[in-house]
Amino acid sequence: MGTIVVAPLGKIAELAVRHRCREMLSLVAPKQGFHRPAVIAAARHLIIGINDIAFAGTGKLVAPGEDHVAAIIGFARGWDRQAPLLVHCMMGVSRSPAAALLAALAVEPDQNEHDLAQRLRRASVQATPNARLIEIGDHVLSRGGRLIAAVKAIGRGADYVGDSPFAFSATPETVRS
């Protein structure tokens, strides 16, 4: 157990049902409206209101911060891993893959960052984890720059060609797509 499903906003209901998810992490623009799938209990749904930007000071946009990352990590640590965790953002390419990596390290801290990043890349050619979430997460999770280096090593994902949800294991044993 311990599958993380990463999705664009438009696919969350379908994927929550298909994968029998009971918990969901949403990384969306502040005040962005959407409906939580009925199979996800409100108490097990965390909404992080951030924009998909890599640096602060961009007008009214909300950059990911340490408090956002701490909330992602805390939520992930409360995940029982009996059912997949659904993580989504608007397109499923930047914020949600970054949060999925942080969640995987939160629940399985002894795993190798490079192997984790490679599992992510095998699961999704499009994933380009948000650099700011990764940098802050590396610090908060005390990874010593290893997570940053691992994400840089997999490089930018392929150009976006449409909704491409994916799943991968939070643990080193299995890879799913």
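What comes next concerns the included structure. (Residues numbered from 1 in each chain as written. Predicted model: local features only at pLDDT ≥ 70, side-chain atom pairs only at ≥ 80, totals over all residues. Heavy atoms only, no water.)

Side note on the packing of helix α3 (residues 95-107) against helix α4 (residues 113-123)
Part 1: With their axes 11 Å apart at the nearest point, α3 and α4 run at an angle of 140° to one another. Looking at the two axes, α3 sits oblique to α4. When the axes of α3 and α4 are compared, the crossing they make is right-handed. Facing α3, whose interface residues are Pro97, Leu101, Ala104 and Leu105, α4 presents Glu113, Leu116, Ala117 and Leu120.
Part 2: Tallied by class, residues from the contact of α3 with α4 come to 7 nonpolar, no polar and 1 charged. (Axes fitted to C-alpha atoms, helices over the stretch in contact; angles between N-to-C directions. Helix = DSSP H or I, 4+ residues; strand = E, 2+ residues; numbered from the N terminus. Parallel < 35°, antiparallel > 145°, perpendicular 65-115°, else oblique. Left-handed = near helix turned anticlockwise from the far one by under 90°. Contact = heavy atoms within 4.5 Å. Nonpolar A, V, L, I, M, F, W, Y, C, P; charged D, E, K, R; others polar.)

Structural notes on the layout of surface pockets
Part 1: Approximately 150 Å³ is the volume attributed to the largest pocket.
Part 2: In terms of lining residues, the largest pocket is bounded by 14 residues, among which Asp52, Met91, Val93, Ser94 and Thr128 are the most central.
Part 3: Here the residues of the lining of the largest pocket sort into 6 nonpolar, 4 polar and 4 charged. (1 Å grid on protein atoms, 1.4 Å probe; cavity = no way out; pocket = protein on both sides within 12 Å on 5 of 7 lines; lining within 4 Å. Points joined across faces, edges and corners; volume = space filled by probe spheres on them.)

Observations regarding the environment of Ala7
Part 1: Here Ala7 lies in strand β1 (residues 3-8).
Part 2: For the pair Ala7 and Phe166, spaced 159 residues apart in sequence, the C-alpha to C-alpha distance is 6.7 Å.
Part 3: Ignoring sequence-local partners within four residues, the contact set of Ala7 consists of Leu15, Leu86, Val87, His88, Cys89, Gly92, Ser96 and Pro165.

Description of the sheet that holds strand β2 (residues 23-28)
Part 1: Pairing is mixed in the open sheet, where 5 strands are placed in the order β3-β2-β4-β1-β5. Of all the strands in the sheet, the pair left with one neighbour each is β3 (45-49) and β5 (166-169). Here the average twist between neighbouring strands, direction ignored, is 20°.
Part 2: As paired elements, β1 and strand β4 (residues 85-89) share 5 bridges and run parallel to each other. Across the sheet, Pro8 pairs through a bridge with Cys89, a residue of β4.
Part 3: Here helix α2 (residues 66-77) sits on the sheet and contacts β2, β3 and β4; the angle it forms with β3, its principal contact strand, is near 165°. (Pairing = 2+ DSSP bridges.)

Quick notes on the nonpolar core
Part 1: Residues Ile4, Leu25, Leu27, Ile72 and Phe168 are the most contacted members of the largest nonpolar core, which totals 42 residues.
Part 2: Element by element, the count of residues in this core is highest for α3, at 10 residues.
Part 3: Sequence-distant contacts of Ile72, defined by excluding residues within four places in its chain, comprise Leu25, Leu27, Leu46, Ile48, Ala99, Leu102 and Leu133.
Part 4: Val5, Ile12, Met24 and Leu86 belong to the second-largest nonpolar core, a separate cluster that totals 11 residues. (Core = buried A, V, L, I, M, F, W, Y, C linked by side-chain atoms within 4.5 Å. Buried < 20%, exposed > 50% of the residue type's maximum accessible area, 1.4 Å probe, protein only.)

Some remarks on the pattern of salt bridges
Part 1: Scanning the entire structure with this criterion turns up 8 salt bridges.
Part 2: Between Glu14 and Lys11 there is a salt bridge, with the nearest N and O atoms lying 3.9 Å from each other.
Part 3: For Glu14, a relative accessible area of 38% translates into the label partly exposed.
Part 4: Across the pair Arg146 and Glu113 runs a salt bridge, and its minimum N-O distance is 3.0 Å. Residue Arg146 is found in helix α6 (residues 146-154), and its partner Glu113 is found in helix α4; the two are separated by 33 residues along the sequence.
Part 5: Salt bridges sharing partners connect three or more residues here, namely Lys11, Glu14 and Arg18. (Salt bridge = Lys/Arg side-chain N within 4 Å of Asp/Glu carboxyl O.)

These results come straight from atomic positions and should not be treated as a statement about function.
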